[in-house]
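# Per-entry structural report
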Amino acid sequence: MSSITQVNYPRMSELKRTTAEVHDNLDNKIMAQSPFASKENYGDFLRFQYLLLKHVEPIYQSEQLIVFFSDLAQRNRCTDIVLDLHDIGMKTHNLEQQIDINSLTIAQAVGWLYVIEGSKLGAAMLAKEVTQLDLNAEFGARFLAGPGNGRGSQWRGFMQAVEALNLTNDEEQQLYQGAKQAFATAHQLLDVVYQ
Ligand code: HEM
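Bear in mind that the values here come from a model prediction, so they are computed numbers and not experimental data.

Where helix H6 (residues 106-129) contacts helix H7 (residues 151-164), the axes come no closer than 11 Å and their chain directions differ by 160°. In terms of axis orientation, H6 runs roughly antiparallel to H7. In terms of crossing hand, the pair formed by H6 and H7 is left-handed. Contacts between H6 and H7 involve Val110, Leu113, Tyr114, Glu117, Gly118, Lys120, Leu121, Ala123, Ala124 and Ala127 from the former and Arg151, Gln154, Trp155, Phe158 and Val162 from the latter. Residue classes in the contact of H6 with H7 are distributed as 10 nonpolar, two polar and three charged.

What follows covers the coordination of the iron atom of the ligand. By definition of the ideal shapes, a tetrahedral metal site with four donors has angles of 109.5 degrees and an octahedral site with six donors has angles of 90 or 180 degrees. Coordination of the iron atom of the ligand by the protein comes from a single atom, His23 (NE2), at 2.1 Å. Considering the arrangement of structural elements, one finds His23 in helix H2 (residues 10-31).

All right, on to a nonpolar patch on the surface then. A cluster of nonpolar side chains, namely Ile66, Val67, Phe68 and Ile106, defines an oily patch on the protein surface of about 330 Å² accessible area. Summarising the element assignment, Ile66 is placed in the loop between helix H3 (39-60) and helix H4 (72-75).

This paragraph deals with empty space enclosed by the protein. If you walk through the whole model with that rule in mind, you get one cavity of 30 Å³ or more. In this structure, the largest cavity encloses a volume near 60 Å³. Every residue lining the largest cavity is listed: Arg75, Glu117, Lys120, Leu121, Pro147, Arg151, Gln154 and Trp155. Of all the secondary structure elements, the ones that give two or more residues to the lining of the largest cavity are H6 and H7.

Position of Leu165 relative to the elements: it lies in the loop between H7 and helix H8 (169-194). Counting along the chain gives 58 residues from Leu165 to Ala107, while the straight-line C-alpha distance between them is 8.9 Å. Residue contacts for Leu165: discarding those within four places in its chain leaves Arg11, Phe68 and Val110.

Scoring rules and cut-offs
- Residues numbered from 1 in each chain as written.
- Predicted model: local features only at pLDDT ≥ 70, side-chain atom pairs only at ≥ 80, totals over all residues.
- Heavy atoms only, no water.
- Axes fitted to C-alpha atoms, helices over the stretch in contact; angles between N-to-C directions.
- Helix = DSSP H or I, 4+ residues; strand = E, 2+ residues; numbered from the N terminus.
- Parallel < 35°, antiparallel > 145°, perpendicular 65-115°, else oblique.
- Left-handed = near helix turned anticlockwise from the far one by under 90°.
- Contact = heavy atoms within 4.5 Å.
- Nonpolar A, V, L, I, M, F, W, Y, C, P; charged D, E, K, R; others polar.
- Donors = N, O, S within 2.8 Å, 3.2 Å for Na, K, Ca; no water.
- Patch = residues over 30% accessible without salt bridge, like charges linked within 9 Å, V, L, I, M, F, W, Y side chains within 5 Å.
- Areas by Shrake-Rupley, 256 points an atom, 1.4 Å probe, with all protein chains shown as cover.
- Salt bridge = Lys/Arg side-chain N within 4 Å of Asp/Glu carboxyl O.
- 1 Å grid on protein atoms, 1.4 Å probe; cavity = no way out; pocket = protein on both sides within 12 Å on 5 of 7 lines; lining within 4 Å.
- Points joined across faces, edges and corners; volume = space filled by probe spheres on them.

Shown next as structure tokens:
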């Protein structure tokens, strides 16, 4: 990470630093399953992503969070991923469970949001890989596509909103804790699909 990012986005830098290892483990665990080697493999990957996006959907619908992230509802990719599952002839998974938003503080919920919003950055790379399977932003891989106004500007908007939050020291810790919980849940959901 560049020093400019560290100076201008100290919270975002810390979020990245504290979750770098668990991110790498997750990335490696997914890639070990060769998700783009066949449509069947991609189907498993899609199911995992569906479980994760569905799990966090209440965060994207939170009236408390929309105060800080005005475009929160538009950031939700649940509709896209349901269409992707239908495109490739899969039913939605019946193991889905949603997070209880009331069990999270606002700072924790923002930590969760960081993980899901951040995953859109890696999605830029995955969107290229998926074209091998003749899938794209209009068919089968909508959820990997960037937003109309560009990934960079959406991510910058998110980073600025996180940095602008007024948090106590305790809440700051809850932010990092929320991000770690989200990655831990992602690992669990991956195990559900690949068990
Ligand atoms: C095969 C799967 C994945 C690969 C190859 C991958 C790859 C990447 C890459 C290359 C970036 C950095 C992009 C950039 O800086 O422009 C990134 C960022 C990120 N990814 Fe992933 N990713 C994967 C899966 C995931 C998943 C499943 C999650 C969440 C559950 C996730 C969460 C994040 C987060 C939070 C960031 C932002 C890091 C930051 O800059 O603060 N990734 N990923």
